[in-house]
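Structural characterization, general
For reference, the chains in residue letters:
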Amino acid sequence: MAHFAEINSNNTVLRVVVIDNNDVNANGGDQSVGAEETVKKIVPFTSGNRWVQTSYNNNFRKQYAGIGYTFDSTKNKFISPQPFTSWSLDANDDWQAPVAYPTVTTYGDNVRYFISWDEAGQKWIGRDNQPNLSARSPSPSSWIATGN
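For every chain, the first residue of its written sequence is number 1, and the numbers climb from 1 along that sequence. With pLDDT at 70 or above as the cut-off, local features in this predicted model cover only qualifying residues; side-chain atom pairs require 80 or more to be listed or tallied, and sums for whole chains, interfaces and linings still use all residues. Excluded from the side-chain calculation are hydrogens and water; included are all heavy atoms of the structure.

**Examining the layout of surface pockets**
- Site definitions follow a grid-based scheme: protein atoms alone, a 1 Å grid, a 1.4 Å probe that fits but cannot get out for cavities, and for pockets an open set with protein on both sides within 12 Å along at least five of seven lines, plus lining residues having an atom within 4 Å of a point. Grid points are joined across faces, edges and corners, and a volume is the space filled by probe spheres set on the points. Within this model, the largest pocket holds a volume of roughly 160 Å³.
- Only runs of H or I of at least four residues qualify as helices and only runs of E of at least two qualify as strands under DSSP, and these elements are numbered from the N terminus. Elements with a minimum of two residues in the lining of the largest pocket: strand S1 (2-7) and strand S3 (50-54).
- Gly falls in the polar group here, along with every residue not listed as nonpolar (Ala, Val, Leu, Ile, Met, Phe, Trp, Tyr, Cys, Pro) or charged (Asp, Glu, Lys, Arg). Looking at the lining of the largest pocket residue by residue, the classes come out as four nonpolar, seven polar and one charged.

**Considering the pattern of salt bridges**
- Whenever Lys or Arg places a side-chain nitrogen within 4 Å of a carboxyl oxygen from Asp or Glu, that contact is recorded as a salt bridge. All told, the structure shown has six salt bridges when counted by the stated rule.
- A salt bridge links Lys-62 to Asp-94; its shortest N-O distance comes to 2.7 Å. Here Asp-94 lies in the loop between strand S6 (88-89) and strand S7 (95-96) and Lys-62 lies in the loop between S3 and strand S4 (70-72), a separation of 32 residues in the sequence.
- The partner of Lys-77 in a salt bridge is Asp-93, with the nearest N and O atoms 2.9 Å apart. On the criterion of sequence distance, the pair formed by Lys-77 in strand S5 (residues 77-79) and Asp-93 in the loop between S6 and S7 is long-range, its members being 16 residues apart.
- Judged by its relative accessible area of 17%, Lys-77 falls in the buried class. Here's how the labels work: a residue is buried when its accessible area is under 20% of the maximum for its type, exposed when over 50%, partly exposed in between, all with a 1.4 Å probe on protein chains only.

**Description of unusual backbone geometry**
- For Asn-11, which is not a glycine, the phi torsion comes out positive at approximately 65°.
- Residue placement: Asn-11 occurs in the loop between S1 and strand S2 (13-19).
- The backbone of Asn-76 sits at a positive phi, close to 55°, despite the residue not being glycine.
- With respect to the element layout, Asn-76 can be found in the loop between S4 and S5.

The structure is reproduced here in structure tokens:
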């Protein structure tokens, strides 16, 4: 099965549809204009939008497109939505936090932290499986217990 993303005039993905490989192969093959034109005939879409093939296995165009992703036609790839305002794209077009992800991911008892980004505090927060134990990460290799 082949997958195609509907792209609007802002290059934002609106939806992804599945098309039979036979239709793609009979009309130019993977990543071809002919295949995209065929999808246009098969699946109704809003005027001014277009179809761009995406790879479910990430074999081309960086990654599988999802709703809200952006298609960068210059780089010929899909870019995921920015997770937080403070994050920026690196050279591989992956979003990076302003503070590196912690390299220590477990508490002293080898229990894994549930790690999340605190946008307001610009830091990583780790929560243990205990209800009142949490920590913040001032650097990628250390945690400071906060107890809440």
